[in-house]
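Read off the chains here:
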Amino acid sequence: MTGTDWPDGCSEQVFEEARAILCVVDASADSLRLVYRTDQDGVLGTVSKASEHVRLGLAPGERFVLAMNAGMYHADMQPVGLYVEAGVEMAPLNRDDGFGNFFLKPNGVFFVKDDGSAGVLETEAYTQAGIKPAFATQSGPMLLIDGAIHPRFLPDGTSKFIRNGVGVRADGKVVFAITRDKVSLGSFARLFRDVADCENALFFDGAVSSLALGGDMLIDSGEPAGPVAVVITRPKADESSAHPEI
């Protein structure tokens, strides 16, 4: 796949000497979903399998845009934090303390409402908002909180990995991003602030980050995946069926 074959809204950019792929999604025009299991209750387990599963189930006129891993998981593949799919809570909100990126608080939640609108909120703010999501996944740490970079990030720490995450702009558009090169959390947060123009952004994962774009596995870590974010273009109304002007 070349850049010219990519879905609308997706592009590759170089930021702070690292390559990154960003996809801007209009939630009013596209369908955002999270997938984790098959209808037979089996864990999909990889972004590749999730992509195939979703593409096989597309309705007429729908078009697959992207899939990327969207949350951390335990050794038994259970989500570490909140996970809601099609209105059903499969894992509860996790407000515990612990080690690792998930617990580098504040962490947060990416959610999609019944009306298709999406957001990213810090965990405590999400709890207080009383949101009843159609889809939700909790991960961490937050990258941006109301435009400010996570307070515990170094400007450019020594821990560098290929990373992926999601952000939401002031206009409500959602930005999914993944790097091709290893970056620090500080640099990844600045990508969402300075390039993607997001107000709030959430880290999904690093080292295991993968991306299926337009049906092709563009970046494949070869690692398992728990929750997977999926974007599908909704069918457009058939303009030929519109009533002619009188």
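Residues numbered from 1 in each chain as written. Predicted model: local features only at pLDDT ≥ 70, side-chain atom pairs only at ≥ 80, totals over all residues. Heavy atoms only, no water.

Further remarks concern the pairing of strand E4 (residues 63–69). As a general feature of sheets, a regular strand has side chains that alternate between the two faces. Within E4, six of the seven residues are buried, which leaves the element mostly enclosed by the surrounding structure. Pairing geometry for E4 and strand E15 (residues 211–213), over three bridges, is antiparallel. Note that in E15 the partner of Leu66 across the bridge is Leu213. (Buried < 20%, exposed > 50% of the residue type's maximum accessible area, 1.4 Å probe, protein only. Helix = DSSP H or I, 4+ residues; strand = E, 2+ residues; numbered from the N terminus. Pairing = 2+ DSSP bridges.)

What follows concerns the nonpolar core. Counting 36 residues, the largest nonpolar core has Leu32, Phe110, Val174, Phe176 and Leu211 as the members making the most contacts within it. Core analysis: the next-biggest nonpolar cluster, separate from the first, contains 24 residues, Leu104, Leu185, Ala201 and Phe203 among them. (Core = buried A, V, L, I, M, F, W, Y, C linked by side-chain atoms within 4.5 Å.)

Okay, the pairing of strand E17 (residues 228–233) next. Burial analysis of E17 places six of its six residues in the buried class, which makes it a mostly covered element. Neither face of E17 is exposed, since Val228, Val230 and Ile232 on one face and Ala229, Val231 and Thr233 on the opposite face are all buried. Where strand E3 (residues 30–35) and E17 come together, six bridges link them in antiparallel fashion. Directly across from Ser31, in E17, lies its bridge partner Ile232.

This part takes up the side chain of His150. Note that His150 resides in the loop between strand E11 (148–149) and strand E12 (163–169). Among the polar contacts made by the side chain of His150, one reaches the main-chain carbonyl oxygen of Lys105 at a distance of 3.2 Å. (Polar contact = N/O pair within 3.5 Å; in protein donor to acceptor, adjacent residues only side chain to side chain.)

In this section: helix H1 (residues 47–56). The set of residues buried in H1 consists of Val47, Ala50, Ser51 and Val54. When H1 is viewed along its axis, its buried side chains cluster within an angular range of 100° and face the same direction. Every exposed residue of H1 that faces more than 90 degrees away from the buried side is listed here: Lys49 and Leu56. (Arc of directions from axis to C-beta.)

All right, on to the confidence of the model for the chain then. On average, the chain scores 93 in pLDDT, and the residues at 70 or more come to 93%. Low pLDDT (under 50) marks residues 239–246, which in the prediction has zero contacts with non-local residues, meaning those over four places away or in another chain. (pLDDT = per-residue confidence, 0-100. Contact = heavy atoms within 4.5 Å.)

Bringing the sheet that holds E17 into the picture now. One open sheet accounts for five strands, arranged E3-E17-E4-E15-E16; its pairing is antiparallel. Lying at the two open borders of the sheet, with one neighbouring strand each, are E3 and strand E16 (216–219). Across the sheet, the mean angle from the axis of one strand to that of its neighbour is 25°, orientation sign disregarded. Where E15 and E16 come together, three bridges link them in antiparallel fashion. By the bridge assignment for E16, Leu213 is matched with Asp216. Sheet contacts for H1: E3, E4, E15, E16 and E17; angle to E4, the most-contacted strand, approximately 155°. (Axes fitted to C-alpha atoms, helices over the stretch in contact; angles between N-to-C directions.)

Turning our attention to the pattern of salt bridges. Evaluation of the coordinates by the stated rule reveals nine salt bridges. Taking the shortest distance from any N to any O, the salt bridge between Arg169 and Asp171 comes out at 2.7 Å. In this structure, Arg193 and Asp194 form a salt bridge, with 2.6 Å as the shortest nitrogen-oxygen distance. (Salt bridge = Lys/Arg side-chain N within 4 Å of Asp/Glu carboxyl O.)

This structure, assessed with the given rule, holds one disulfide. Here Cys10 is linked by a disulfide to Cys23, with a sulfur-sulfur distance of 2.1 Å. Taking the sign of the S-S torsion, 120° for the link of Cys10 and Cys23, the bridge is right-handed. Of the two residues, Cys10 sits in strand E1 (residues 10–15) while Cys23 sits in strand E2 (residues 18–25), which places them 13 residues apart along the sequence. Residue Cys23 is classed as buried on the basis of its relative accessible area, which comes to 2%. Cysteine Cys198 remains unbridged, with the sulfur of Cys23 as its closest cysteine sulfur at 12 Å. Judged by its relative accessible area of 4%, Cys198 falls in the buried class. (Disulfide = S-S within 2.5 Å.)

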